[in-house]
Amino acid sequence: MSEHYGKHFVAIIGGSVAGSEAAALLADNDHRAIVFDQQELPYGKIEDGLPCWHIGLRDKEEEAIDGRLNHPNVRFVPGFKLGTDGRLEDLLEDWGFSAVIIAIGAWYDRQIEVKGIDEFYNRGVVKQNDLVYWFNHKHEPEYSGPDYEIKNNTAIVGGGLASLDMAKITMIELVKQALQEKKGITVDIFTIEKKGPAKILEEYNTSLVELEIE
């Protein structure tokens, strides 16, 4: 083993993809890493940033994170909020860490540079993270967050992978609601996502036009 190995004791804030990867790289080089996460589980947006139909992808990514954190040189500390349970200065000056890696991911949506847009959040304008969390949890009895209504003529700002999921959520919700309200037909979101709205409408001998979905 090289002499420079094993000299570093690193704090990592955030235990999901980036944080666990950093921990694994350090651990494989015989350094020690303590991974702090604000949640009880280290999965970050893998847990609630993906719409609920991504079951296979979610399981695969969470298994990979578990594997990277399950190393003798890595310790996972849940329920730690930087700034509340410890300051950056504390970690660097008092807790003995060689360095601190910030790997908190994209918990907050990017600010749209439109004057006055903050006044419209949850009043017609919905952020991606909020919409996905609602979509994944709205069926739960203890859910107490905002209640969104997906409407016709919804505009999606952004053209990346996340926008595709937002388009699917919009279409799934519109088809599900219209089938129930206009036809008395109940179809779960997983079936609509797996088969696709077009196939579902064909099976029930209806169409977007008849259901007044634009």
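On a predicted model such as this, the values are computed, not experimentally measured, just so you know. Here, residues in each chain are numbered from 1, in the same order as that chain's written sequence. In keeping with the model being predicted, local features are shown solely for residues with a pLDDT of at least 70 and side-chain atom pairs are shown and tallied solely at 80 or more, while totals for entire chains, interfaces and linings include all residues. Note that the side-chain values use all heavy atoms of the structure and ignore hydrogens as well as water.

1. Digging into the overall build of the chain
Summing up its helical and strand segments, the chain has eight helices and four strands in all. Starting at the N terminus and walking to the C terminus, you meet the elements of the chain as β-α-β-α-α-β-α-β-α-α-α-α. Relative to the globule expectation of 17 Å for 214 residues, the C-alpha radius of gyration of the chain, 22 Å, shows a markedly less compact shape. With the C-alpha coordinates aligned to their principal axes, the bounding extent of the chain is approximately 70 × 40 × 35 Å. Note on exposure labels: buried denotes an accessible area under 20% of the residue type's maximum, exposed denotes more than 50%, and partly exposed covers the range between, all computed with a 1.4 Å probe on protein chains only. For the chain, with 214 residues in total, the buried portion stands at 36%. Secondary structure is summarised from DSSP: a helix means a run of H or I of at least four residues, a strand means a run of E of at least two, and numbering begins at the N terminus for each. The globule rule used here is 2.2 Å times the number of residues to the 0.38 power, and the radius of gyration it is set against is calculated over C-alpha atoms.

2. Examining the sheet that holds strand β1 (residues 9-13)
At least two DSSP bridges between two strands are needed for those strands to be called paired. Strand order in the open sheet formed by four strands is β3-β2-β1-β4, with parallel pairing between adjacent strands. Every interior strand has two partners, whereas the edge strands, β3 (74-77) and β4 (99-102), have only one. Between one strand axis and the next, the sheet turns through 20° on average, direction left out of account. As paired elements, β1 and strand β2 (residues 32-36) share five bridges and run parallel to each other. Residue pairing for β2: F9 is matched across the bridge by R32. To get an axis, fit a line to the C-alpha atoms, keeping to the stretch in contact for a helix; angles then go from 0 to 180 degrees between the N-to-C directions.

3. Structural notes on the packing of aromatic side chains
Two rings from Phe, Tyr or Trp (for Trp, the six-membered ring) form a pair when their centres sit within 6.5 Å of each other. Planes less than 30 degrees apart are called stacked, planes more than 60 degrees apart edge-to-face, and all others tilted. According to the stated counting rule, one finds eight aromatic pairs in the structure shown. Ring geometry for F36 against F97: centres 6.1 Å apart, planes inclined by 80°, an arrangement best described as edge-to-face. One end of the pair, F36, is in strand β2; the other, F97, is in the loop between α4 (88-94) and β4, and 61 residues separate them in sequence. You'll find F36 and F97 in the same group, each marked buried. Look at Y133 and Y143: their rings are 6.4 Å apart centre to centre, the planes differ by 40°, and that puts the pair in the tilted class. Residue Y133 is located in helix α5 (residues 128-137), and its partner Y143 is located in the loop between α5 and α6 (161-183); the two are separated by 10 residues in the primary sequence.

4. Let's talk about the pairing of β2
For β2, the buried fraction is high: four of the five residues fall into the buried class. By the bridge criterion, four bridges tie β2 to β3 in an arrangement that is parallel. Opposite F36, over in β3, you have V77 as the bridge partner.

5. Observations concerning the confidence of the model for the chain
In low-pLDDT regions, the fine details of the predicted coordinates are not to be read closely. Scored by pLDDT, the chain has a mean of 91; 97% of the residues are at 70 or more. Confidence per residue, as judged by the predictor, is encoded in pLDDT with a range of 0 to 100. Any pair of residues with heavy atoms lying within 4.5 Å of one another is described as a contacting pair. The low-confidence segment residues 1-5, where pLDDT is below 50, has five contacts with residues more than four positions distant or belonging to other chains.

6. Digging into the packing of α5 against α6
Remark: α5 packs on α6, axes separated minimally by 11 Å, with the N-to-C direction vectors making an angle of 45°. On the basis of the axis angle, α5 is oblique to α6. Regarding α5 and α6, the two cross each other, and that crossing is left-handed. Residues Q128, L131, V132, W134 and F135 of α5 form the contact with α6, whose own contacting residues are A162, M166, I169 and E173. When the residues that make up the contact of α5 with α6 are grouped by side-chain class, the tally is seven nonpolar, one polar and one charged. Each angle gets one of four labels, with under 35 degrees taken as roughly parallel, over 145 as roughly antiparallel, 65 to 115 as roughly perpendicular, and the rest as oblique. Crossings are classed by handedness, with left-handed meaning an anticlockwise turn of the near helix from the far one by less than a right angle and right-handed meaning a clockwise turn. When residue character is reported, Ala, Val, Leu, Ile, Met, Phe, Trp, Tyr, Cys and Pro are called nonpolar, Asp, Glu, Lys and Arg charged, and the others, Gly included, polar.

7. So, the pairing of β1
The element β1 is extensively covered by neighbouring structure, given that four of its five residues are classed as buried. A crossover counts as right-handed when, viewed with the strands pointing away from the observer, the path leading from the first strand over the helix to the second turns clockwise. Regarding the hand of the β-α-β motif, the stretch spanning β1, helix α1 (residues 17-28) and β2 is right-handed.

8. Some thoughts on the environment of I185
Position of I185 relative to the elements: it lies in the loop between α6 and α7 (189-195). As a C-alpha pair, I185 and L91 span 94 residues in sequence and 56 Å in three-dimensional space. I185 has contacts with L179, Q180 and Y204, leaving out every residue within four places of it along the chain.

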